[in-house]
Amino acid sequence: MFIEIQRKSGLSLTKQIYQGVLDHIRSEFLEENVKLPSVRELSKQLEVSLITVVKAYQRLEQEGFVTSVQGKGTFVRRTALEGRIETKESNPFDWQLSVQDYLQRSQFARFHQVPEKIHLSSSMIDPGLLPNRYLEQELRRMLIENPKVLSQYGEIQGDELLREAMVGYLEKIDIPTSSDQILVTSGSQQGIDLIARTFVGPGDVIIMEAPTYPGAIDAFRGRGAIVLTVPVDNEGMRVDLLHDLCDKYKPKLIYTVPTFQNPTGTVMPIKRRRQVLELAKSMHCLIVEDDPCSEIYFEKKPPASLKSLDQDGHVIYLKGLSKILAPGCRIGVLTASGSIFKRLVAAKANADLGSPLLTQRAITPFITSKRMMEHLKKLRTALKVRRDLALGILSKYAPEEVYWFVPKGGLNLWITFPDWFDTEYLMLEAKKQHITFLPGSACYPSEQENHHFRISYSYVNEQQLEQGIKIICDILQKAKKQKTVKENSPQF
Ligand code: PMP
């Protein structure tokens, strides 16, 4: 079991070990009844004192995540997490746990593909709001007219037709670029991963927002980066705090979602954007600007992107098409310049020799047609209705101690409750009623906060949205009445 220890992070070593083991349990790498390394083994492996490991194991035990059996060792109790008693037969693949892996977090194993009825955890668009029919017809047409798309490789950098289409599209959303500076990726998740693989290695310092997008946390932490965090307020990343961190630690890269930040929904104002850029320039550091959904605004257009303000190639800009067009096509683009861009193209070749030609060709006509802009307009209208519906239900039914940020666009609502309440409890209760949401703890690269959660109003239909939020509010109301939920639920 590999646990990443970051001596510069400011978090105590005990807390990091505790967190590392918990991440392995939560992401399902450690199954029920699996034996943890002994205190001696782990202290040797991580080069920390015995007492540091003992304290971490004690905390895990107090919270019900492990049990120590005298003379035998410490065993995982996933049941504490799942809230049900389940004893699994010993697993013939247990030997695999001795193979060192570097991904103690893998949030998606945990949060996706569960057979719940109301997925408020899915930060995706309701399929009924996407142009699936059109894309299906396009695919059929293309396969009939040009079946060769199946029997050839596309260009590593991405199909030229799509790259040109994306230049036109990005221009419409004020991102200047050219087709030779566009790399087509398998969703922007691959863009993040390529950046991490190319520019980040063990011990490199990078900066992320806290909270932030869990998939990016996993990609950067998986590379062994030292992840420092800057809190997010109502205007995105706290740039005043960023200054000090940059001075002290000279980061290699700053990852940000400046527009409709995931998970908080905040938008970084232009002044802060300029400051981040100035800082990156003075530090010779890269900015990764992840932009999954700036097109989904409900009031005025968001401020200029960092990319459009960048004069000398500090920004790598990622535009995913999953949140606006077709997540199943797995297409995103990355734009950067100079040697940074060339290295990323080389990384893409290493990763997969280029994205599938079939889906690239299937979406190109839609992007170049006027349907694209019309579709976005409809999407904004439909999602605004859902956002307002969600806000209305929360205002009516949530306890008054609960508050939320009102997003002016995007797909998500970030909800906070008093810290006497724990999201794990809410999650468990919601699960009993077949509802999922994203617990806020998944969104913190280092020290987790447990009294937030994210719901997406974009994926479920209006009826489910209403039903799901009402049930969540009901659970919160009941918990408020009991007030002792946390003390009475030591397993969390
Ligand atoms: N970045 C952010 C901020 C996201 O929210 C997501 C998806 N949830 C991604 C990247 C990855 O999206 P995709 O790979 O589907 O483009």
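Counting from 1, residues in each chain are numbered in the order their sequence is written. Selection of residues for local features in this predicted model requires a pLDDT of at least 70, selection of side-chain atom pairs for listing and counting requires 80 or more, and totals for whole chains, interfaces and linings are taken over all residues. Remark: hydrogens and water are excluded; side-chain values derive from all non-hydrogen atoms of the structure.

**Regarding the overall build of the protein**
Part 1 of the reasoning: Strands are runs of DSSP state E lasting at least 2 residues, helices are runs of H or I lasting at least 4, and numbering of each runs from the N terminus. Counting secondary structure elements, the protein contains 18 helices and 16 strands.
Part 2 of the reasoning: Relative to its length of 492 residues, the protein is compact, with a C-alpha radius of gyration of 23 Å against a globular reference of 23 Å.
Part 3 of the reasoning: Its C-alpha atoms give the protein principal-axis dimensions of roughly 70 × 50 × 50 Å.
Part 4 of the reasoning: When a residue's accessible area, from a 1.4 Å probe over protein chains only, is under 20% of the maximum for its type it is buried; when over 50% it is exposed; and in between it is partly exposed. The buried share among the 492 residues of the protein stands at 56%.
Part 5 of the reasoning: The contact criterion used is simple: two residues touch if any of their non-hydrogen atoms lie within 4.5 Å. Contacts in the protein between residues at least 24 apart in sequence constitute 75% of all its contacts with a sequence separation of at least 6.
Part 6 of the reasoning: Residue exposure ignores everything except the shown protein chains as possible cover, and the areas themselves are Shrake-Rupley values with a 1.4 Å probe. Approximately 21,800 Å² of the protein is accessible, and the part contributed by carbon and sulfur atoms is 52%. Note on method: radius of gyration uses C-alpha positions; expected globular size equals 2.2 Å times residues raised to 0.38.

**A short note on the state of the cysteines**
Part 1 of the reasoning: Here, a disulfide means two cysteine sulfur atoms that sit within 2.5 Å of each other. Taken as a whole and assessed by the stated rule, the structure comprises zero disulfides.
Part 2 of the reasoning: Left without a disulfide partner, Cys-246 is nearest to the cysteine sulfur of Cys-285, which lies 5.7 Å away.
Part 3 of the reasoning: Between Cys-293, a free cysteine, and Cys-443, which holds the nearest cysteine sulfur, the sulfur-to-sulfur gap is 14 Å.

**Some thoughts on the pattern of salt bridges**
Part 1 of the reasoning: Note on definitions: salt bridges are taken to be side-chain nitrogens of Lys or Arg within 4 Å of carboxyl oxygens of Asp or Glu. Taken as a whole, this structure holds 24 salt bridges when the rule is applied.
Part 2 of the reasoning: Residues Lys-384 and Asp-388 are paired through a salt bridge, measuring 3.2 Å at the closest nitrogen-oxygen approach. Taken together, the residues Lys-384 and Asp-388, both in helix H15 (residues 371-397) and four residues apart, mark about one turn of the helix.
Part 3 of the reasoning: Among the residues examined, Lys-384 registers a relative accessible area of 30% and is labelled partly exposed.
Part 4 of the reasoning: Overall, Asp-388 belongs to the partly exposed group, its relative accessible area being 32%.
Part 5 of the reasoning: Members of the salt-bridge network, linked through shared partners, are Arg-133, Glu-136 and Arg-140.

**A closer look at unusual backbone geometry**
Comment: phi is negative for the bulk of residues other than glycine, and the bulk of peptide bonds are trans.
Part 1 of the reasoning: Residues Ala-210 and Pro-211 are joined by a peptide bond in cis, for which omega reads 5°.
Part 2 of the reasoning: Within the secondary structure, Pro-211 sits in the loop between strand S5 (205-210) and helix H9 (214-222).
Part 3 of the reasoning: In this structure, Pro-263 follows Asn-262 across a cis peptide bond, with omega equal to 15°.
Part 4 of the reasoning: You can see Pro-263 is positioned in the loop between strand S8 (253-256) and helix H11 (270-283).
Part 5 of the reasoning: Positive phi, close to 55°, is recorded for His-284, a residue that is not glycine.

**Some points on the domain arrangement of the protein**
Part 1 of the reasoning: Structurally, the protein comprises domain 1 (13-104), domain 2 (118-129 + 373-481) and domain 3 (133-369).
Part 2 of the reasoning: Domain start and end points were adopted from an automatic or database domain assignment. For domain 2 versus domain 3, the distance between C-alpha centres works out to 25 Å.
Part 3 of the reasoning: In this complex, domain 2 contributes 26 residues to the contact, which on the side of domain 3 involves 29 residues.
Part 4 of the reasoning: What gets called buried area is simply the loss in accessible area from a 1.4 Å probe that two parts show on being joined, summed for both. Taken together, both faces of the contact between domain 2 and domain 3 bury some 2,500 Å²; the carbon and sulfur share is 68%.

**Describing the side chain of Ser-305**
Part 1 of the reasoning: Mapped onto the fold, Ser-305 is located in the loop between strand S9 (286-291) and helix H12 (306-309).
Part 2 of the reasoning: Judged by its relative accessible area of 8%, Ser-305 is buried.

**Here we look at the sheet that holds strand S13 (residues 412-416)**
Part 1 of the reasoning: The four strands are arranged S12-S13-S16-S15 in an open sheet whose pairing can be described as antiparallel. Taken across any chain shown, the strands that pair with only one partner, and hence form the sheet edges, are strand S12 (403-404) and strand S15 (438-439).
Part 2 of the reasoning: Sheet topology places S15 next to strand S16 (residues 452-456); two bridges connect them, and they run antiparallel. Bridging across to S16, Leu-438 finds its partner in Arg-454. Note: two strands are recorded as paired if DSSP finds a minimum of 2 bridges between them.

**Some remarks on the nonpolar core**
A general feature of soluble globular proteins is that nonpolar side chains tend to end up buried together.
Part 1 of the reasoning: What is meant by a nonpolar core is a set of buried Ala, Val, Leu, Ile, Met, Phe, Trp, Tyr and Cys residues, joined one to another through side-chain atoms within 4.5 Å. By size, the foremost hydrophobic cluster in this structure holds 87 residues, and its most contacted members are Leu-242 and Ile-367.
Part 2 of the reasoning: For this core, the two domains that each supply at least three residues are domain 2 (118-129 + 373-481) and domain 3 (133-369).
Part 3 of the reasoning: Those residues within four positions of Leu-242 in sequence are excluded, and the remaining contacts are Ile-207, Val-230, Met-237, Ile-254, Val-276 and Leu-279.
Part 4 of the reasoning: In this structure, Leu-183, Ile-217, Ala-225 and Tyr-255 belong to the second largest nonpolar core, which totals 30 residues.

**Observations regarding the sheet that holds strand S11 (residues 332-335)**
Part 1 of the reasoning: With respect to topology, eight strands assemble into an open sheet ordered S4-S11-S10-S9-S8-S5-S6-S7, the strand pairing being mixed. The strands lining the two open edges of the sheet, one partner per strand, are strand S4 (182-185) and strand S7 (236-237).
Part 2 of the reasoning: Direction of pairing for strand S10 (residues 315-320) relative to S11: antiparallel, over a ladder of four bridges. Residue pairing in the sheet places Tyr-317 in a bridge with Thr-335 of S11.
Part 3 of the reasoning: To get an axis, a line is fitted to the C-alpha atoms, and for a helix only the part in contact is used. The angle between two axes follows their N-to-C directions and goes from 0 to 180 degrees. Here H11 sits on the sheet in contact with strand S6 (226-233), S7, S9 and S10, set at roughly 145° to S9.

**Details of the environment of Cys-329**
Part 1 of the reasoning: As for its position among the elements, Cys-329 is in the loop between S10 and S11.
Part 2 of the reasoning: Residues Cys-329 and Ile-363, spaced 34 residues apart in sequence, show a C-alpha to C-alpha distance of 8.2 Å.
Part 3 of the reasoning: Those residues in contact with Cys-329, other than ones at most four positions away along the chain, are Thr-359 and Ile-363.

**Things to note about the packing of aromatic side chains**
The geometry of an aromatic ring pair is captured by two quantities: the separation of the ring centres and the angle between the planes.
Part 1 of the reasoning: Only Phe, Tyr and Trp rings are paired, with Trp represented by its six-membered ring, and only when their centres lie within 6.5 Å; those with planes under 30 degrees apart are stacked, over 60 edge-to-face, the remainder tilted. Taken as a whole and judged by the stated rule, the model has five aromatic pairs.
Part 2 of the reasoning: Their ring planes at 50° and their centres at 6.5 Å tell us that Phe-298 and Tyr-457 sit as a pair that is tilted. In this pair, Phe-298 is assigned in the loop between S9 and H12 and Tyr-457 in the loop between S16 and helix H17 (462-482), connecting sequence segments 159 residues apart. Both residues of the pair, Phe-298 and Tyr-457, count as buried.

**Looking at a nonpolar patch on the surface**
Part 1 of the reasoning: A cluster of nonpolar side chains, Phe-93, Trp-95 and Val-99, forms an exposed patch at the surface whose accessible area comes to about 350 Å².
Part 2 of the reasoning: By relative accessible area, which is 46% here, Val-99 ends up partly exposed. Two distance rules govern patches: like charges are joined within 9 Å, and nonpolar side chains (Val, Leu, Ile, Met, Phe, Trp, Tyr) within 5 Å, applied only to residues with over 30% relative accessible area and no salt bridge.

**Some thoughts on the site of the ligand**
Part 1 of the reasoning: Throughout, near means a residue has at least one heavy atom within 4 Å of the molecule or strand. Near the ligand lie 13 residues; those nearest to it are Ser-188, Asn-262, Asp-290, Ser-322 and Lys-323.
Part 2 of the reasoning: Identification of polar contacts relies on pairs of N or O atoms within 3.5 Å, with a donor-acceptor requirement for protein atoms, meaning one able to donate a hydrogen and the other able to accept it, and with residues adjacent in sequence counted only if both atoms are side-chain atoms. Within the side chain of Asp-290, a nitrogen or oxygen atom sits 2.5 Å from a nitrogen atom of the ligand.
Part 3 of the reasoning: Ser-322 places a side-chain nitrogen or oxygen 2.6 Å from an oxygen atom of the ligand.
Part 4 of the reasoning: Here the ligand loses 89% of its free accessible area of 400 Å² to cover by the protein chains.
Part 5 of the reasoning: Taken together, the residues of the shell around the ligand sort by class into four nonpolar, six polar and three charged. Classification used: nonpolar for Ala, Val, Leu, Ile, Met, Phe, Trp, Tyr, Cys and Pro, charged for Asp, Glu, Lys and Arg, polar for all others including Gly.

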